[in-house]
Amino acid sequence: MTDGAPTTQVRPSPVVTVLGVGNPIMGDDGIGLELLAGVEAQCVDTRVEFVDGGTGGMELLPVVQDATYLLILDAVAGDTPGQVVELTGDQIPRLLATKLSPHQVGLLDIFAAARLLGREPQTVAVVGVVPETVDLQLGLTPAVEAAMPEATRIAVEVVNGWLAEDATAKNTCCGG
């Protein structure tokens, strides 16, 4: 029975945070934001939060600190434009130290600050595509555009794996 007061629904805290970064007016530097839109279109689970990090800097620190599972979508360094890259664990600091353009988010600095403040994600992964050009232009190059379906598929698999892991943990006697 209700007393006439409006009811509010409480949204569960996100388990997975998907952070897309990049600059869409710098050609292939917009990869992360394009991937973010593709993953968001396929993931409808309320436990997933999607964040357009754009070219943000330290203002992304709370996003990183509050994440349990953090998936970063970005342009990644490499030799073959259009190559899809998935990185986890020890591979990530090496990637984050490589700046692709002057507009790229200083993610390594954000992770260092999160660690110093004692709040960082439990698990981090990066899915990205090697850019062909990060010059001033709108849109992705054909090589990168062709890689987007595969990169999106891999990112969705990462998210789904984490969601399944979270569900398993909650269904065990010791997992909460």
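These lines cover the structure that appears in this document, whether it is placed above or below. (Residues numbered from 1 in each chain as written. Predicted model: local features only at pLDDT ≥ 70, side-chain atom pairs only at ≥ 80, totals over all residues. Heavy atoms only, no water.)

### Observations regarding a nonpolar patch on the surface
Okay, step 1: A surface patch of nonpolar side chains, about 360 Å² in accessible area, is lined by I25, L136 and L138.
Okay, step 2: Positionally, L136 belongs in the loop between β5 (123-129) and α5 (142-170).
Okay, step 3: Accessibility expressed as a relative area gives 67% for L136, which makes it exposed. (Patch = residues over 30% accessible without salt bridge, like charges linked within 9 Å, V, L, I, M, F, W, Y side chains within 5 Å. Areas by Shrake-Rupley, 256 points an atom, 1.4 Å probe, with all protein chains shown as cover. Salt bridge = Lys/Arg side-chain N within 4 Å of Asp/Glu carboxyl O. Helix = DSSP H or I, 4+ residues; strand = E, 2+ residues; numbered from the N terminus. Buried < 20%, exposed > 50% of the residue type's maximum accessible area, 1.4 Å probe, protein only.)

### As for the nonpolar core
Okay, step 1: Ranked by size, the top nonpolar core spans 30 residues in total, and within it V16, V18, L71, L73, V127, V129 and V159 carry the most contacts.
Okay, step 2: Among the secondary structure elements, those contributing two or more residues to this core are β1 (16-21), α1 (31-42), β2 (48-54), β3 (69-75), β5 and α5.
Okay, step 3: Residue contributions to this core peak at eleven residues, all from α5.
Okay, step 4: Once residues within four sequence positions are removed from consideration, L71 is found in contact with T17, V18, L19, A125, V126, V127, A155, V158, V159 and W162.
Okay, step 5: V51, A67, L87 and I110 belong to the second largest nonpolar core, which has 21 residues in total. (Core = buried A, V, L, I, M, F, W, Y, C linked by side-chain atoms within 4.5 Å. Contact = heavy atoms within 4.5 Å.)

### Remarks on the environment of E132
Okay, step 1: You can see E132 is positioned in the loop between β5 and α5.
Okay, step 2: By relative accessible area, E132 is classed as partly exposed at 47%.
Okay, step 3: In this structure the C-alpha to C-alpha distance between E132 and D28, which are 104 residues apart in sequence, comes to 6.6 Å.
Okay, step 4: When sequence neighbours within four positions are dropped, the list of residues in contact with E132 reads D28, P81, T141, A143 and V144.

### Quick look at the sheet that holds β5
Okay, step 1: In spatial order, the strands read β2-β1-β3-β5-β4; together these five strands make up an open sheet with mixed pairing. Where the open sheet ends on each side, the last strands, each with one partner, are β2 and β4 (84-88). Across the sheet, the axes of successive neighbouring strands diverge by a mean angle of 20°, strand direction being ignored.
Okay, step 2: One ladder, built from seven bridges, connects β3 with β5; its direction is parallel. Within the sheet, the bridge partner assigned to A75 lies in β5 and is V129.
Okay, step 3: In the packing of α1 onto the sheet, contacts are made with β1, β2, β3 and β5, and the angle to β3 comes to roughly 130°. (Pairing = 2+ DSSP bridges. Axes fitted to C-alpha atoms, helices over the stretch in contact; angles between N-to-C directions.)

### Some details on the pattern of salt bridges
Okay, step 1: This model, assessed by the stated rule, comprises five salt bridges.
Okay, step 2: The shortest N-O distance in the salt bridge between D166 and R47 comes to 3.3 Å. Highlighted residues: D166 in helix α5 and R47 in the loop between α1 and β2, separated in sequence by 119 residues.
Okay, step 3: Residue classification places D166 among the buried positions, given a relative accessible area of 11%.
Okay, step 4: Three or more residues are tied together by salt bridges with common partners; here these are D45, R47 and D166.

### Regarding helix α4 (residues 107-116)
Note: α-helices contain 3.6 residues per turn, so residues at a spacing of three or four share the same orientation.
Okay, step 1: Here α4 has its buried residues at L107, I110, F111, A113 and A114. Projected onto a plane normal to the axis of α4, the buried residues spread over an arc of 160° and lie on a single side. Facing away from the buried surface of α4 by more than 90 degrees, the exposed residues are R115 and L116.
Okay, step 2: Positive backbone phi, approximately 80°, marks G118, located one or two places after α4. (Arc of directions from axis to C-beta.)

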